[in-house]
Amino acid sequence: MIKNFFRRGESGKDESFTEDVGREEGTILVVDDSPTEVHIFKKILEKQGYTIVVAKDGQEGVDIAIQVLPDLILMDVVMPVLNGFQATRQLKNNEKTSSIPVIMVTTKGQKTDMSWGMRQGANEYLVKPVAPADLLSKIKALLNE
């Protein structure tokens, strides 16, 4: 992707220049109420060329997904307003968002949690902390890259 930047030239005037910052891979919606987790995901994904959109709770995630129609959603489970299970169920039951792949990324690692997440419509279920290579391989597989 080519981005335009400005810098102060030798003459003291702003000069425009372009820089290839890598190709854009797609848009990923990160739904997580932890600023630390969001920062980690953004760092990993932006480095790979993905555009990141953030929601801080399940309801905001559903609302943003309907508006933006991201290519993929990373969904935490334990959040205010709507938890990740509820949000995923709503997304999968909505005609506009039902085909968007959802990866649940959460600290809830019990088999019953994983099973319930998949029953709500999640395509994958990862337990935090997630190795960046594991996260990226799941994303690429779901996006058919």
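The residue numbering used here restarts from 1 in each chain and proceeds along that chain's sequence as written. Residue-level local features of this predicted model are given only where pLDDT is at least 70; pairs of side-chain atoms are given and counted only at 80 or more, and the full residue set underlies all totals for whole chains, interfaces and linings. Only heavy atoms go into the side-chain values, all of them from the structure, while hydrogens and water stay out.

Trainee: Tell me about the nonpolar core, residues and numbers included.
Mentor: Generally speaking, a soluble globular protein has its nonpolar side chains buried in company with each other. In this structure, Leu29, Val31, Ile73, Met75, Leu91 and Met104 are the most contacted members of the largest nonpolar core, which totals 19 residues. What makes two residues a contact is simply this: any of their non-hydrogen atoms within 4.5 Å. In this structure, valine 31 is in contact with Ala55, Asp57, Gly58, Gly61, Ile73, Leu74, Met75, Asp76 and Met79, ignoring residues within four places of it in sequence. Residues belong to one nonpolar core when they are buried, are Ala, Val, Leu, Ile, Met, Phe, Trp, Tyr or Cys, and are joined through side-chain atoms within 4.5 Å. Residue burial is assigned from relative accessible area. The probe radius is 1.4 Å, only protein chains are included, and a residue is buried under 20% of its type maximum, exposed over 50%, and partly exposed in between.

Trainee: Before we move on, can you summarise unusual backbone geometry with the specific residues and values?
Mentor: Residue lysine 128 is joined to proline 129 through a cis peptide bond whose omega torsion reads -5 degrees. Mapped onto the elements of the fold, proline 129 is located in the loop between strand S7 (124-127) and helix H5 (132-142). In this structure, leucine 69 is a non-glycine residue whose phi angle is positive, near 50 degrees. Residue classification places leucine 69 among the partly exposed positions, given a relative accessible area of 41%. Working definition: helices are DSSP H or I runs of at least four residues, strands are E runs of at least two. Numbering for both runs from the N terminus.

Trainee: Outline the confidence of the model for the protein, listing residues and values.
Mentor: The predictor attaches a confidence to each residue, called pLDDT, with possible values from 0 through 100. Within the protein, residue pLDDT values average 88, and 83% of them lie at 70 or more. The low-confidence segment residues 1-9 (pLDDT under 50) makes 30 contacts with residues lying over four places distant or belonging to another chain.

Trainee: Break down the pairing of strand S3 (residues 26-31) for me, with residues and values.
Mentor: Along S3, six of the six residues are buried, which leaves the element largely enclosed by surrounding structure. Here S3 shows two buried faces, one formed by Gly26, Ile28 and Val30 and the other by Thr27, Leu29 and Val31. A pair of strands is considered paired only if DSSP assigns at least 2 bridges between the two. Judged from the six bridges that link them, S3 and strand S4 (residues 50-55) form a sheet pairing that is parallel. Within the sheet, the bridge partner assigned to valine 30 lies in S4 and is valine 54. For the handedness criterion, the strands are oriented away from the viewer, and a crossover whose path from the first strand over the helix to the second runs clockwise is classed as right-handed. In terms of handedness, the path from S3 via helix H1 (residues 35-47) over to S4 forms a crossover that is right-handed.

Trainee: Explain the pattern of salt bridges to me, using residue names and the numbers behind them.
Mentor: The salt bridge definition used is simple: a Lys or Arg side-chain nitrogen within 4 Å of an Asp or Glu carboxyl oxygen. A full pass over the atoms with the stated rule returns five salt bridges. Of the charged contacts in the structure, one is a salt bridge between aspartate 32 and lysine 128, with a shortest N-O distance of 2.7 Å. With aspartate 32 in the loop between S3 and H1 and lysine 128 in the loop between S7 and H5, this pair connects stretches of sequence that are 96 residues apart. Across this residue pair, the class does not change: aspartate 32 and lysine 128 are buried.

Trainee: Describe the packing of helix H2 (residues 58-68) against helix H3 (residues 84-92), listing the residues and the values that go with them.
Mentor: Close contact between H2 and H3 brings their axes to 8 Å; oriented N to C, the two are set at 20 degrees. Considering the angle they form, H2 stands roughly parallel to H3. Classified by chirality, the crossing of H3 by H2 is right-handed. Contacts between H2 and H3 pair Gly58, Gln59, Val62 and Ala65 from the former with Ala87, Gln90 and Leu91 from the latter. For the contact of H2 with H3, a count of residues per class yields four nonpolar, three polar and no charged. To get an axis, a line is fitted to the C-alpha atoms, and for a helix only the part in contact is used. The angle between two axes follows their N-to-C directions and goes from 0 to 180 degrees. For classification purposes, angles smaller than 35 degrees are called roughly parallel, those larger than 145 roughly antiparallel, those between 65 and 115 roughly perpendicular, and all remaining angles oblique. Each helix crossing is assigned a hand: it is left-handed if the near helix lies turned anticlockwise from the far helix by less than a right angle, otherwise right-handed if that turn is clockwise. Think of it as three bins: nonpolar holds Ala, Val, Leu, Ile, Met, Phe, Trp, Tyr, Cys and Pro, charged holds Asp, Glu, Lys and Arg, and polar takes everything else, Gly as well.

Trainee: Please set out H2 residue by residue, giving values where relevant.
Mentor: Structural remark: α-helix, 3.6 residues per turn; residues separated by three or four positions point the same way. Listed as buried for H2 are Gly58, Gly61, Val62, Ile64 and Ala65. Buried residues in H2 make contact with S3, S4, strand S5 (72-75) and H3. Pairs of N or O atoms within 3.5 Å make up the polar contacts considered here, provided that, within protein, one atom can donate a hydrogen while the other can accept it, and that residues adjacent in sequence are counted only when both atoms are side-chain atoms. Between the side-chain oxygen of the N-cap and the backbone nitrogen of glutamine 59 there are 3.0 Å, and the N-cap of H2 in question is aspartate 57. Residue leucine 69 follows H2 closely and has a positive phi angle near 50 degrees.

Trainee: Quick rundown of the environment of methionine 75? Include the residues and the values.
Mentor: By the element assignment, methionine 75 lies in strand S5. Under the relative-accessibility criterion, methionine 75 is labelled buried at 0%. Taking the C-alpha atoms as reference points, methionine 75 and alanine 122, separated by 47 residues in sequence, lie 8.9 Å from one another. Contacts of methionine 75, omitting those with residues within four sequence positions, involve Val31, Gly84, Ala87, Thr88, Leu91, Val102, Ile103, Met104 and Val105.

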